[in-house]
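Examination of the molecular architecture
Below are the chains, spelled out letter by letter.
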Amino acid sequence: MFKYKGVQCPYCHKEFEPTDEILICPDCGAPYHRDCVRQSGGCVLTELHEKGQSWQPPQPAADSRPESERIYDGMAPLRCSRCGTVNPPDRLFCEVCGNPLNRQGDEISETPNQAESSQQPFHQMAYNPYTTPFGGLSPDEEIDGVPVHDLAIYVGENTHYFLPKFKEFKTSKKIATWNWPAFFLDFYYLIYRKMWGAGIIVLILSLILSAPSTLITLESMAMMVDENASILATLNIDANKLVLLANLFSFLSLGLKLALATTANRLYSDKVFRDVKKLRAGQSEAPDYSTRLSAKGGTSKLAVIIAVAATMILSMAASALITSLLLQIGF
């Protein structure tokens, strides 16, 4: 169901349509058309920001009771003042960006001034829709049938970077975008983002491509200890041919890094949508749905530590394997 039906944009005063791209002010939660944000340069409801109040949608009927006699619904959803996410009523912090949520008491019996001060948000942030956790997208918007809100919970870190790219992939069919962390960290980056299958494949290829260089390094270390202790001579391996092979594999390794850097975002997008859609099938109404999304997605620092240790062990094993193969082919 379209959430902003009958609601007007505070800037152009036109009612929102289901097809509109809506941005949310992180300070007060007011919705805007994307073009209106660009034209206005920010939220026009500055009086709400000054008072520390939140934007409220139009109500069917006003409550005629005095402020001091109004009872606030403690089971109502809580909207984050930073990213606009609507959170369950029992949350203390936003489940997407971690911002402390503005909580009201079950009943307000203080004076109006006290009531107003109790409604001030804990945290304020400069309005910039392009650096919010949703990357300028509305949390209620859907990409390929999946709410942006769900994608943000799954991704966890750097949602402002990934969510616009996810939308770009789905709307323009674009495949290649550059990812610097993937270029420098290669398979460690894939493992960090829990792309286990791709990470293991790239790890194996990297070990194979680095084996000749590793063998040359071992040869240099052995010669430093004893000039006559040549590993290559013992194994009857031509040192010049091994250097040529190492250079060739270095170029192939660079090609692998370039390929990974240009496809990592697309690979991650495919994984995110595949996993989220699978979790949404029959579980989107479950009380722990958000917890499941967060646990399935996010990042894994522990896996990276394990990968580093495994790489050191497998590197030696790969060198031994390559040495055996070279001996068999009479290299």
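Check the entry above for the structure.
Residues numbered from 1 in each chain as written. Predicted model: local features only at pLDDT ≥ 70, side-chain atom pairs only at ≥ 80, totals over all residues. Heavy atoms only, no water.

Inspection of every chain in the model, using the stated rule, returns 0 disulfides. Counting only cysteine sulfurs, Cys36 is the nearest neighbor of Cys12, a cysteine outside any disulfide, at a range of 3.7 Å. We classify Cys12 as partly exposed; its relative accessible area is 25%. (Disulfide = S-S within 2.5 Å. Buried < 20%, exposed > 50% of the residue type's maximum accessible area, 1.4 Å probe, protein only.)

Of all the residues in helix 11 (residues 289–296), the buried ones are Tyr289, Ser290 and Leu293. The buried side chains of helix 11 occupy one side of the element, clustering within an arc of 100° when seen end-on. In the segment just after helix 11, Gly298 is the residue with positive phi, at about 70°. (Helix = DSSP H or I, 4+ residues; strand = E, 2+ residues; numbered from the N terminus. Arc of directions from axis to C-beta.)

Here His13, not a glycine, exhibits a phi torsion of approximately 65°, which is positive. Here His13 lies in the segment before strand 1 (22–24). Although it is not a glycine, Asp186 sits at a positive phi angle of roughly 35°. Turning to its location among the elements, Asp186 is positioned in the loop between helix 6 (180–185) and helix 7 (187–192).

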